[in-house]
Amino acid sequence: MSQSLSSCVIKLHQEHHALEDYQGGVPRWCNGCGDNAILAAMQRLCADENLAPENTVFVSGIGCSSRLPHYMKTYGFHSLHGRAFPVAEGIKMARPDLNVFVSTGDGDCCSIGAAHWIHALRYNMNITVVLHDNHVYGLTKKQASPTSPRGLKSNTTPYGATLEPMNPLTVSLGVQGASFIAQGVDWIPEVLYDILRAAYLHRGFSFVRIIQRCPEFMPKVFDPWLHDPQRTMLLTHKDGLTLSPGIASAYRNQREHDPINIDRAREIASLDDPIPVGILYRNPDAPCYEDLRHAGQLRSPEYIRAGLDREFDKYTVWPEGHAEA
Amino acid sequence: MTHSATLAAPEVILPAPRPATAIPEAIVEVISDSGEGAQRCGQSLGAIAARMGNGIWTTEIIPAEIQPPARSVAGASGIRIRMGSGRITNGGDQTELVVAFNEQVLIGRVQAGELKPGAKILLECMWKTHRDPAVVISYMKTVEALLKDGFEVYEVPLEDRCRELVSDPRKGKNMFVLGILCNVYGLDDDLAREQIARIFGKKDAKVVASNIKLYEAGAAWAEANLDFKYCIPAVKSTVPQIVVNGNTAIALGVMASGMDICAMYPITPATSASHYLSEVFEKIGGLVHQAEDEIAACAFAVGASYAGKCAVTITSGPGYSLKQEVIGLAVMAEIPLVVVNVQRGGPSTGQPTKVEQGDALSAIFGSHGDAPKVVMAPNSIEDCFYSVITARKIAETFGMVVVVLSDASLSTAQQPFPRPVFSEAWLAPPVDMTPVPVGSKAYDWDPMTGLSRRLQPGRAGGMHTVTGLAHDRNSKVAYDPAINEEGLRARSLKLAALQKTLKAPPVFGGDSGDLLLIGWGSTMGAIEESVTRLRAEGQAVSSMHLRFLQPMPSGIREILARFKHAMTIEGNWSDKPEDELIDEDNRRYSALAMLLRSRFLVDIDCWSEARGQPIKPGDICRVAREALKRRGALS
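Residues numbered from 1 in each chain as written. Chains lettered and ligands numbered in written order. Predicted model: local features only at pLDDT ≥ 70, side-chain atom pairs only at ≥ 80, totals over all residues. Heavy atoms only, no water.

Caption draft 1: Quick look at the overall build of chain A. Scanning chain A from terminus to terminus reveals 12 helices and 12 strands. Principal-axis analysis of the C-alpha atoms gives chain A an extent of 85 × 60 × 40 Å. Considering only contacts in chain A between residues 6 or more positions apart, those separated by 24 or more positions represent 68%. Carbon and sulfur atoms make up 53% of the accessible area of chain A, which amounts to about 14000 Å² in all. Between the averaged position of the 30 positive side-chain charges in chain A and that of its 35 negative side-chain charges there is a distance of 5 Å. (Helix = DSSP H or I, 4+ residues; strand = E, 2+ residues; numbered from the N terminus. Contact = heavy atoms within 4.5 Å. Areas by Shrake-Rupley, 256 points an atom, 1.4 Å probe, with all protein chains shown as cover. Lys, Arg positive; Asp, Glu negative; His and termini not counted. Charge placed at Lys NZ, Arg CZ, Asp CG, Glu CD.)

Caption draft 2: Spatial organisation of the pattern of salt bridges. Taken as a whole, this structure holds 56 salt bridges over all chains when the rule is applied. Between arginine 203 of chain A and aspartate 291 of chain A there is a salt bridge, and its shortest N-O distance comes to 2.5 Å. Residue arginine 203 of chain A is found in the loop between α7 (189-201) and β8 (206-211), and its partner aspartate 291 of chain A is found in helix α11 (residues 289-292); the two are separated by 88 residues along the sequence. We note a salt bridge from arginine 630 of chain B to aspartate 605 of chain B, for which the minimum N-O separation is 3.7 Å. Residue arginine 630 of chain B is found in helix α19 (residues 617-630), and its partner aspartate 605 of chain B is found in strand β24 (residues 605-608); the two are separated by 25 residues along the sequence. On the basis of relative accessible area, arginine 630 of chain B is assigned to the exposed category, the value being 55%. A relative accessible area of 14% places aspartate 605 of chain B in the buried class. Each of the salt bridges in this network shares a partner with another, and the network as a whole consists of Glu302, Arg305, Asp309 and Asp313 of chain A together with Arg419 of chain B. (Salt bridge = Lys/Arg side-chain N within 4 Å of Asp/Glu carboxyl O. Buried < 20%, exposed > 50% of the residue type's maximum accessible area, 1.4 Å probe, protein only.)

Caption draft 3: Up close: the packing of aromatic side chains. Per the stated rule, a full pass over the model turns up 18 aromatic pairs over all chains. Ring centres of phenylalanine 312 of chain A and phenylalanine 385 of chain B lie 5.9 Å apart, and the angle between their planes is 65°; this geometry places the pair in the edge-to-face category. Taken together, the residues span two chains, with phenylalanine 312 of chain A in helix α12 (residues 301-315) and phenylalanine 385 of chain B in helix α13 (residues 381-398). Under the relative-accessibility criterion, phenylalanine 312 of chain A is labelled buried at 0%. We classify phenylalanine 385 of chain B as buried; its relative accessible area is 1%. (Phe/Tyr/Trp six-rings, centres within 6.5 Å; stacked < 30°, edge-to-face > 60°.)

Caption draft 4: Structural view of the layout of surface pockets. Taken as a whole, the largest pocket encloses approximately 1900 Å³ of empty space. Along the wall of the largest pocket there are 48 residues; nearest its centre are Arg40, Gln43, Glu60, Asn245 and Thr248 of chain B. Mapped onto the lining of the largest pocket, the elements with two or more residues apiece are α12 of chain A together with α1 (38-52), α6 (189-200), β10 (241-245), α8 (246-256), α9 (271-280) and α14 (408-412) of chain B. Sorting elements by how many residues they give to the lining of the largest pocket places α1 of chain B first, with 7 residues. Along the lines of polarity and charge, the residues of the lining of the largest pocket split into 17 nonpolar, 20 polar and 11 charged. Roughly 1000 Å³ of volume is contained in the second largest pocket. Taken together, 34 residues make up the lining of the second largest pocket; nearest its centre are Met72, Lys73 and Thr74 of chain A together with Met463 and His464 of chain B. For the lining of the second largest pocket, the class distribution of residues is 12 nonpolar, 14 polar and 8 charged. (1 Å grid on protein atoms, 1.4 Å probe; cavity = no way out; pocket = protein on both sides within 12 Å on 5 of 7 lines; lining within 4 Å. Points joined across faces, edges and corners; volume = space filled by probe spheres on them. Nonpolar A, V, L, I, M, F, W, Y, C, P; charged D, E, K, R; others polar.)

Caption draft 5: Focus on the sheet that holds strand β15 (residues 374-376) of chain B. Residue and element names in this part refer to chain B. If you trace the 7 strands from one edge of the open sheet to the other, you get β12-β11-β13-β14-β16-β15-β22, paired in mixed fashion. On the outer flanks of this sheet lie β12 (287-290) and β22 (548-550), each paired with one strand and no other. Each adjacent strand pair in this sheet contributes to an overall mean axis angle of 25°, direction not counted. Bridge count between strand β13 (residues 311-315) and strand β14 (residues 337-343): 5 bridges; the pairing is parallel. Across the sheet, alanine 311 pairs through a bridge with leucine 337, a residue of β14. (Pairing = 2+ DSSP bridges. Axes fitted to C-alpha atoms, helices over the stretch in contact; angles between N-to-C directions.)

Caption draft 6: Fine view of the packing of helix α2 (residues 35-48) of chain A against α7 of chain A. All names here are of chain A. Contact geometry of α2 with α7 gives a least axis separation of 9 Å together with a crossing angle of 50°. Considering their axes alone, α2 and α7 lie oblique with respect to each other. Read as a crossing pair, α2 and α7 show a hand that is right-handed. Taking contact as the criterion, the partners of Ala37, Ile38, Ala41, Met42, Arg44, Leu45 and Asp48 in α2 are, on α7, Leu192, Tyr193, Leu196, Arg197 and Tyr200. Taken together, the residues of the contact of α2 with α7 sort by class into 9 nonpolar, no polar and 3 charged. (Parallel < 35°, antiparallel > 145°, perpendicular 65-115°, else oblique. Left-handed = near helix turned anticlockwise from the far one by under 90°.)

Caption draft 7: Representation of empty space enclosed by the protein within the structure. Residue and element names in this part refer to chain B. Tallying each qualifying case throughout the model produces 3 cavities of 30 Å³ or more. In this model, the largest cavity occupies a volume close to 280 Å³. What lines the largest cavity is a set of 23 residues, and nearest its centre among them are Thr59, Glu60, Gly612, Gln613 and Pro614. Among the elements of the structure, β4 (55-61) and α14 are those that each provide at least two residues to the lining of the largest cavity. Classifying every residue of the lining of the largest cavity by side-chain character gives 7 nonpolar, 9 polar and 7 charged.

Caption draft 8: Structural detail: the sheet that holds β24 of chain B. Residues and elements named next belong to chain B. The 5 strands lie next to each other as β19-β21-β20-β23-β24, forming an open sheet whose pairing is mixed. Either end of the sheet is taken by a strand with one partner, and the two such strands are β19 (507-508) and β24. Pairing between β19 and strand β21 (residues 541-546): 2 bridges, direction antiparallel. In the sheet register, phenylalanine 508 faces β21, and the bridge partner there is serine 543.

Caption draft 9: The interface of chain B and chain A, seen in detail. Across the contact, 74 residues belong to chain B and 51 residues belong to chain A. Of the roughly 5300 Å² buried between chain B and chain A, counting both surfaces, carbon and sulfur atoms make up 61%. Our enumeration of links across chain B and chain A arrives at 4 salt bridges. Between aspartate 309 of chain A and arginine 419 of chain B there is a salt bridge, with the nearest N and O atoms lying 3.3 Å from each other. Across the chain B-chain A interface, the total number found is 29 residue pairs in polar contact (both at pLDDT 80 or more). For the side of chain B that touches chain A, the secondary-structure elements that each account for two or more residues are α1, β10, α8, α9, β12, α10 (294-307), α11 (317-333) and β18 (465-467) of chain B. The element contributing the most residues to the side of chain B that touches chain A is α10 of chain B, with 9 residues. Class assignment for the residues of the side of chain B that touches chain A results in 43 nonpolar, 18 polar and 13 charged. (Buried area = accessible area lost by both parts, 1.4 Å probe. Polar contact = N/O pair within 3.5 Å; in protein donor to acceptor, adjacent residues only side chain to side chain.)

Here it is as structure tokens:
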């Protein structure tokens, strides 16, 4: 009895994971970079949900955002610029049992990987996505991104960015099959965590755009929102976020929004001032591609042999006297 | 001579069947406008002949458009069927008998020199009485020219006869023609009826019955109106054989290899492999994912391979170019991957439906930086099947990308081969999820072979982040000069480790001699047939065919040394020495010649053509004789 009790204790010990179990080295982001807040929230989420590190994969593309897997102690896949989504989809399709996360940026997702982003929303695989949106290319040292504000002076737009910025929320909400669209800001970490947790718990493709400060190349851009809480609009609902008293008193600009209402979600998504924060859309009933395609079936050699023989039968010329089966 | 069959009394049943001339083989073509079913007719003819025990090879003639203008030279859609007493390995030289649904589609074949002098032409004669005088004039002029050129023209009332049986004769002519051809070549009527039932089996019994009627009418017409008949003696195989085209063989190979996932994007001429796989893969628990683009298809396959069993992506040249960056990632991260490239004419969009062997160098050297990968080229329909199984095994054993270079010729060609007998050894092993000690290295490169164990998600203790950045043994990003070279060395050594396991290619013909012809991929049948013919003439010619382009097996150097001269025969571009500006300082050699010259420092010549047609054995014979003559070795 004592032996089985001790093995039970060992099992409990093995299966419980602390925050350190997800912390994989010192991040090399700049001081004050909003990515640190996203990483912290992500590590806390893994610990709180007690995700087995060996069954968890963080996939990323290229850019500052995409260094995140290196700072986790789970499995990670730091792939190519723009290609995190199809890599993550392949992983999920081959192994639906794995917890798959994607960490991407405004250049990675909305520019070079835009085609994959649209289709990833459409596939609706059970993957949790964080879009680190700092409105600028950081790793290549300050070029305009698709979400850069008009007039931004950068190394590729020395006279100011000429185009209107893309709105990743309205784009996402325009895609048939999208099932979870939310927005967070790095400077309200408590709400960011709540949004990420809801995203993780949603079964489907959970897309969270996080407006994230870049102190190096965009030092003042978000100041108006940081200095005036009224310019952040928190979305609340019993099926969405419920706010702690502290947050509720600090951010008075609140709006009740039922995340099942996609028309209202699209209206809210179009706002750029105040910035909406919370869950814009959630449809728990949207089917997941991996379920529709029956991913992860077990296949015995006998099963494969029988199927193959059925196909060979279609094309076989039997020798004289052979009784066709 | 002209045979005005239309004037003969219809359906005269002769007292005794006309005598059949025994011939060792025949080359037949059926040519029509797109959508008239010439290919279905030819495939059926091939299948019936194969069931009787004949060797066959079918070659499809496909226009690039789905509905090209009717009655146009460029719109010719059809099929060549070569049938013989023995094994047939290629489409042969020139057609001896052609059935054409209009004179325009025939013109292109005549101009391209695809018809044998004096060939028999069975020509639909409805155009002779067409209400548009221009059509009538065109038809009459063409017939006149064909006769003047010495062809034998038989006018066939396809439309008239089929209208007696079906409301839309355009849809029925092909089975009428099948009846004619089965009668001409003495093929078994019962097997033909079975074949028709097989084709239309998915539709209702009425459709089958009406097509059998068309078939029988065609056979009766031929019996009554044609003055020639052949018999190709057949030897029934003692083992079961399967008759499929190269793309179907690739799809069957994917299933047989135990791979779970194929990710693809539609592209000619590779798509039919994915079509077939989409139809049957799920029945054995596999899955075809049609991705949003070629890049995504490759990345999806890489993701699936990373976490599960090795995956495959199937494409053609333009798609292959798009996949290059992701292929480089798989090389860098040492993720197994099978990439099938069904080559077509290039560069750019090139000739989508035509054959070319233009991608060998981009497959070997493609992706920036040093990106070693394995490149194989199947040389027959059977080899398409087994190559995929081998590719999967190598990919997984060595943690490498394996590129399988098929081509448009193999993709649609049909040839019987012994029915494969399933072996469990073909299958991929399940993903190893046994825990490893914490701190296990993600890339524990063996100092001699460069090989390392794979740590896949699910393995406790093995957590790490794979990356396309330079990395150390722990998969940690590293810019240290020595570590960068350590990784490059390990990835390169894996090719050497594989190379040590490869056997020297066999030599076809004699072990030594005046000339060695060297090829790769789909040209093997044509090259070996030409060697057989040349040796029968007394020429000391042999051939060698490479299945592995990268790495190349040992033993080639020794083989080259036994021949006075060597030249490659390839379906790609090489500069022609007779062009004024071309000399030895600037001549661009064919891909394989370039590879062999650089590796073995031997003056290997090349002959290549990129006409979008399979290379003909007769052309290879001519080229070989010229090469022997230049060197004073022609017997």
